[in-house]
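Okay, here's what each chain looks like letter by letter:
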Amino acid sequence: MEWIPHSRPTLGEEEVGAVSRVIRSGRIAQGEEVARFEQEMARRVGVKGGVAVSSGTAALHLSLLALKIGPGDEVILPGYVCLSVLNAIRQAGATPILADIDPASYNLDARDLPRKITRKTRAVIVPHLFGLPADLEEILSLGVPVIEDCAQGLGGSYQGKPVGGFGHLAIFSFYATKVIATGEGGMVLSDSEALLERVRDLRGYDDQDDDELRYNYKMTDLQAALGVAQLKRLEFFLSRRRAIARRYAEALALLGWTLPQEDPRRQPIYYRYVVGLNGGAEVERFLAACLQQGVGCRRPVYRPLHHHLSAPVLPHSEEAWQRNVSLPLYPSLEESQVERVIQVVKKAIEP
Ligand SMILES: *Cc1c(COP(=O)(O)O)cnc(C)c1O
């Protein structure tokens, strides 16, 4: 039986060629390819510039430091997102404050956010979860500095403008399973030269005269060449993602599950195709049944963050975690594999 993994990067001869060229050049650490990847990402997102780093988490950490956020400061994040976001806030020494999500979009609930703002609030981290742009207009109107977390959102847009161009800073991840992949990797994008300069300064420890704490968060030219090659194929990746999502929507429409919502303000990229099953206990059984049939479905968020912080339960984050499963969806998924996923998930739900 053929195994269909939950995610897989889409790599081909372009990528092999790009990395080989860097190896032959003999210059494999941060150099010209990194500068090129930064420029091309900034151009695609429509902002002034970017700073490539070693991961999305490093990008979040340096974004917080660039905003001079540290001990005693509060940073708001949603309760339903991966641990990376929480860890970056802790790495900066700041206090994480959880807000709940909107059950219709799984993104930060702009109505819960004002209740979490205090005199100590210094920023809010806004993920575009599963590739669906968050309520940027409402969130920006609160006047708190925004770090957009575009780790799952590259290529999406909000009211026609690419995500990543709305916040003070935006971060991206190029981990192996993300929209474009470099193995590990991340980037900070911004319209502010001053913020970018601070991120650039903190990225490397060498050749410094003062005593400020800096990091080694650099990306290599090997990764950046891979990133440039992947970025060239982004439009194709996005159209494949949309086509697979359309097929899932059509095939699963009548099962009574909660499917991704369409909304004219947001242009999603279907980074994940997340389905809300009915009733909590079902999820484990569903995942096991899919696994047994060779299809890798998963919980799209491993645990809600209030479980980690032993904070009060955020009802919508908790419910999303209890109900949601994510189906395989990536550009290299073949038509026949899409049909098999549909067959297997439909059967997995039968008692
Ligand atoms: C993947 C991801 C990150 C972290 O990126 P890494 O490159 O794995 O450090 C942060 N936020 C979100 C929403 C992500 O999906």
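Check the entry above for the structure.
Residue indices follow the written sequence of each chain, beginning from 1 at its first position. Local features in a predicted model are, by the rule used here, given only for residues with pLDDT of at least 70; side-chain atom pairs are given and counted only at 80 or more, and totals for whole chains, interfaces and linings are based on all residues. Here the side-chain values reflect all heavy atoms present in the structure, with hydrogen atoms and water set aside.

1. What about the side chain of Thr 121?
Step number 1: Starting at the N terminus, helices and strands are each numbered in turn, a helix being any DSSP run of H or I of at least four residues and a strand any DSSP run of E of at least two. By the secondary structure assignment, Thr 121 is in strand E4 (residues 121-127).
Step number 2: Within the local environment of Thr 121, its side chain forms a polar contact with the backbone nitrogen of Thr 118, the two atoms lying 2.8 Å apart.
Step number 3: Contacts: residue pairs with any heavy atoms within 4.5 Å of one another. Excluding residues that lie within four positions of it along the chain, Thr 121 makes contacts with Glu 74, Ile 76, Lys 116 and Val 144. The term polar contact refers here to a pair of N or O atoms within 3.5 Å; inside protein, the definition further demands a hydrogen-donor-capable atom paired with an acceptor-capable atom, and it admits residues adjacent in sequence only when both atoms are side-chain atoms.

2. Describing the nonpolar core
The nonpolar side chains of soluble globular proteins are, as a tendency, buried together.
Step number 1: Counting 45 residues, the largest nonpolar core has Leu 62, Leu 64, Val 75, Tyr 80, Tyr 106, Ile 125 and Ile 147 as its most contacted members.
Step number 2: The element best represented in this core is helix H3 (residues 56-66), accounting for seven residues.
Step number 3: In this structure, Leu 62 is in contact with Val 53, Val 199, Leu 202, Arg 203, Tyr 215 and Tyr 217, ignoring residues within four places of it in sequence.
Step number 4: Counting residues in hydrophobic clusters, the runner-up holds 30 residues, among them Ala 251, Trp 257, Val 275 and Ile 349. Nonpolar cores are built from buried Ala, Val, Leu, Ile, Met, Phe, Trp, Tyr and Cys residues. Side-chain atoms within 4.5 Å join them into one set. Here the term buried applies to any residue with accessible area under 20% of the maximum for its type, exposed to any over 50%, and partly exposed to those in between, with areas from a 1.4 Å probe on protein chains only.

3. Some points on helix H12 (residues 315-323)
Step number 1: Inspection of H12 places Ser 317, Glu 318, Ala 320, Trp 321 and Arg 323 among the buried residues, and these make up the whole buried set.
Step number 2: Buried positions along H12 lie against strand E11 (273-276), helix H10 (282-292), helix H11 (305-308) and strand E12 (324-327).

4. Brief notes about the sheet that holds strand E9 (residues 186-190)
Step number 1: Being paired, for any two strands, means DSSP has found at least two bridges between them. Reading across the sheet, the seven strands line up as E1-E9-E8-E5-E4-E2-E3 and stay open at both edges, with mixed pairing between neighbours. Both outer strands of the open sheet, strand E1 (49-53) and strand E3 (95-99), are each paired with one neighbouring strand and no more. Within this sheet the neighbouring strands show an average axis-to-axis angle of 25°, counted without direction.
Step number 2: The axes are straight lines fitted to the C-alpha atoms, using for helices just the contacting stretch, and the angles between their N-to-C directions are given from 0 to 180°. In this fold helix H7 (residues 193-203) packs onto E1, strand E8 (169-173) and E9, with an angle of close to 20° to the strand it touches most, E1.

5. Points about empty space enclosed by the protein
Rolled over the atoms, a probe with the dimensions of a water molecule shows which regions are left empty.
Step number 1: Points on a 1 Å grid over protein atoms alone make up a cavity when a 1.4 Å probe fits among them but cannot get out, and a pocket when they form an open set with protein on both sides within 12 Å along at least five of seven lines; lining residues each have an atom within 4 Å of a point. Grid points are joined across faces, edges and corners, and a volume is the space filled by probe spheres set on the points. Throughout the structure, instances matching the rule amount to two cavities of 30 Å³ or more.
Step number 2: For this classification, the nonpolar set comprises Ala, Val, Leu, Ile, Met, Phe, Trp, Tyr, Cys and Pro, the charged set comprises Asp, Glu, Lys and Arg, and every other residue, Gly included, is treated as polar. The class makeup of the residues in the lining of the largest cavity is nine nonpolar, two polar and one charged.
Step number 3: Its volume calculated, the second largest cavity comes out at about 90 Å³.
Step number 4: Taken together, the residues of the lining of the second largest cavity break down into eight nonpolar, four polar and four charged.

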